[in-house]
Amino acid sequence: GTGRSGPAYFAELTHSGRHFSYYARYVDRSPDFDSQVGFIPRVDIRQIEQFARYSWRPRGGRVVSFGPFGLALVNWDRRGRVQDWQVSPHFTIEFKGPTQLVVNPSKSLELFRNREFRKHSTTVFFSTEWLKWLTISGTYRQGTGVNYFPARGLAPFLANSIDGRLGLTLRPTPGVRFDQTYLYSRLTTGAGSAPPGVPASASIFDNHLLRAKLNYQLTRELSLRLI
């Protein structure tokens, strides 16, 4: 038979406090690393990821905490070529309820089929559980993304993207939970990045997905779920 082997390394440093939290993570997998008993999503990477957050917690009032946090990531292959990097600052406010608001601009680079794509986006997230029987959450993201599967004869290219999610959860009784989710995803050609002969603002795809889930807990051991 044949065989192959390769090393893999993982290191993590974590600090969690009431005001300041931080973690740093390093992942290193050689191209020939393999595991038959675990799911390895990607090999040939040397990835460094860092996250830091600081929260102010005022006394009294409706605001529970607020402050910035940020994520930075870079990934190289064994040849020293950058495959991904991302810089993503956030600002979050948490109110009593609980209610949360997060604003997140982001810039990143992705290497796909030996081409570098520089992407950017802005994301707004909102969630509230002001009522015990009702939860409302929503996410809106607008920026750029890669069209990985273009029409025949076209190479992958950068496009304008919009993604949205709206969720509603009802709990009329302790044993009944109903979740209604609306997902929206849109990709259009952008000025300056559209392939030759393709007009700007042309629709690539426009997807709407509506999902409902009902869970009924009959007893501690038995429940019914409908999706």
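Values in this document were obtained by computation on a predicted structure and should not be read as measured data.

*Asks:* Looking at this model, I keep getting lost on the packing of aromatic side chains. Mind explaining?
*Replies:* Each aromatic ring pair is summarised here by two numbers: the centre-to-centre distance and the angle between the ring planes. All told, the structure shown has 5 aromatic pairs when counted by the stated rule. Aromatic pair phenylalanine 51 and phenylalanine 69: ring centres 5.6 Å apart, planes at 55 degrees, arrangement tilted. With a gap of 18 residues between them, phenylalanine 51 in strand E3 (residues 45-54) and phenylalanine 69 in strand E4 (residues 63-76) connect regions that are remote in the sequence. For the pair phenylalanine 51 and phenylalanine 69, one class covers both residues: buried.

*Asks:* In this structure, what is going on with a nonpolar patch on the surface? I would like to understand it.
*Replies:* Taken together, the side chains of Phe20, Tyr54, Trp56, Phe66 and Phe91 present a nonpolar region at the surface, about 460 Å² in accessible area. Relative to the elements of secondary structure, phenylalanine 20 occurs in strand E2 (residues 20-29).

*Asks:* What am I meant to see in the pairing of strand E8 (residues 134-147) here?
*Replies:* Where a strand is regular, its side chains alternate between the two sheet faces. The sheet contact formed by strand E7 (residues 115-131) and E8 spans 9 bridges and is antiparallel. By the bridge assignment, phenylalanine 126 is partnered in E8 with glycine 138. Where E7 folds back on E8, the antiparallel hairpin that results is connected by 2 residues. Bridge count for E8 against strand E9 (residues 157-173) is 14 bridges, and the pairing is antiparallel. Bridged to threonine 139 within E9 is arginine 165.

*Asks:* What should I look at first to understand the pairing of strand E11 (residues 203-217) in this one?
*Replies:* Alignment of strand E10 (residues 176-189) against E11, held across 13 bridges, turns out to be antiparallel. Looking across to E11, one finds that threonine 181 is bridged to arginine 211. Direction of pairing for E11 relative to strand E12 (residues 223-226): antiparallel, over a ladder of 4 bridges. Each bridged residue has a counterpart across the sheet, and for asparagine 215 the counterpart in E12 is arginine 225. Connecting E11 to the antiparallel partner E12 that follows it, the hairpin turn spans 5 residues.

*Asks:* Where do I start with unusual backbone geometry in this structure?
*Replies:* Negative phi values dominate among residues other than glycine, just as trans dominates among peptide bonds. In this structure, proline 98 follows glycine 97 across a cis peptide bond, with omega equal to -5 degrees. Within the secondary structure, proline 98 is located in the loop between strand E5 (82-95) and strand E6 (99-112). In this structure, arginine 113 is a non-glycine residue whose phi angle is positive, near 55 degrees. Residue arginine 113 is classed as exposed on the basis of its relative accessible area of 58%. Of note in the backbone geometry, serine 201 takes a positive phi value of approximately 65 degrees without being a glycine.

*Asks:* Please clarify how the environment of serine 193 should be interpreted in this entry.
*Replies:* Mapped onto the elements, serine 193 comes out in the loop between E10 and E11. Separated by 60 residues in sequence, serine 193 and tryptophan 133 have C-alpha atoms that sit 47 Å apart. With residues near it in sequence (within four places) discarded, serine 193 still touches Phe157 and Leu158. Here the side chain of serine 193 touches leucine 158 through a polar contact of 2.9 Å, landing on its backbone oxygen.

*Asks:* Please explain the pattern of salt bridges as it appears in this structure.
*Replies:* As a working rule, side chains carrying opposite charge can pair if their charged atoms are close by. For the coordinates displayed, the defined rule picks out 11 salt bridges. We note a salt bridge from arginine 46 to aspartate 28, for which the minimum N-O separation is 3.1 Å. Of this pair, arginine 46 sits in strand E3 while aspartate 28 is found in strand E2, placing the two residues 18 residues apart along the sequence. Assessed through its relative accessible area of 33%, arginine 46 is described here as partly exposed. A residue is classified by how much of its surface remains accessible, and aspartate 28, at 5% relative accessible area, is buried. A salt bridge links aspartate 84 to arginine 42, with the nearest nitrogen and oxygen atoms 2.9 Å apart. Separated by 42 residues along the polypeptide, aspartate 84 in strand E5 and arginine 42 in the loop between E2 and E3 bring together distant segments of the chain.

*Asks:* Would you mind going over the confidence of the model for the protein with me for this structure?
*Replies:* Close inspection of predicted coordinates is inappropriate in any region flagged by low pLDDT. This prediction gives the protein a mean pLDDT of 94; 100% of its residues lie at or above 70. Put simply, E7 is where the protein has its lowest mean pLDDT, 95, and E10 is where it has its highest, 97.

*Asks:* Whenever I open this one, the environment of isoleucine 40 confuses me. Can you help?
*Replies:* Note on placement: isoleucine 40 falls in the loop between E2 and E3. Placed 11 residues apart in sequence, isoleucine 40 and arginine 29 show a C-alpha to C-alpha distance of 9.5 Å. Excluding anything up to four places from it in sequence, isoleucine 40 contacts Arg29, Phe33 and Ser35.

Calculation notes
Residues numbered from 1 in each chain as written. Predicted model: local features only at pLDDT ≥ 70, side-chain atom pairs only at ≥ 80, totals over all residues. Heavy atoms only, no water. Phe/Tyr/Trp six-rings, centres within 6.5 Å; stacked < 30°, edge-to-face > 60°. Helix = DSSP H or I, 4+ residues; strand = E, 2+ residues; numbered from the N terminus. Buried < 20%, exposed > 50% of the residue type's maximum accessible area, 1.4 Å probe, protein only. Patch = residues over 30% accessible without salt bridge, like charges linked within 9 Å, V, L, I, M, F, W, Y side chains within 5 Å. Areas by Shrake-Rupley, 256 points an atom, 1.4 Å probe, with all protein chains shown as cover. Salt bridge = Lys/Arg side-chain N within 4 Å of Asp/Glu carboxyl O. Pairing = 2+ DSSP bridges. Contact = heavy atoms within 4.5 Å. Polar contact = N/O pair within 3.5 Å; in protein donor to acceptor, adjacent residues only side chain to side chain. pLDDT = per-residue confidence, 0-100.

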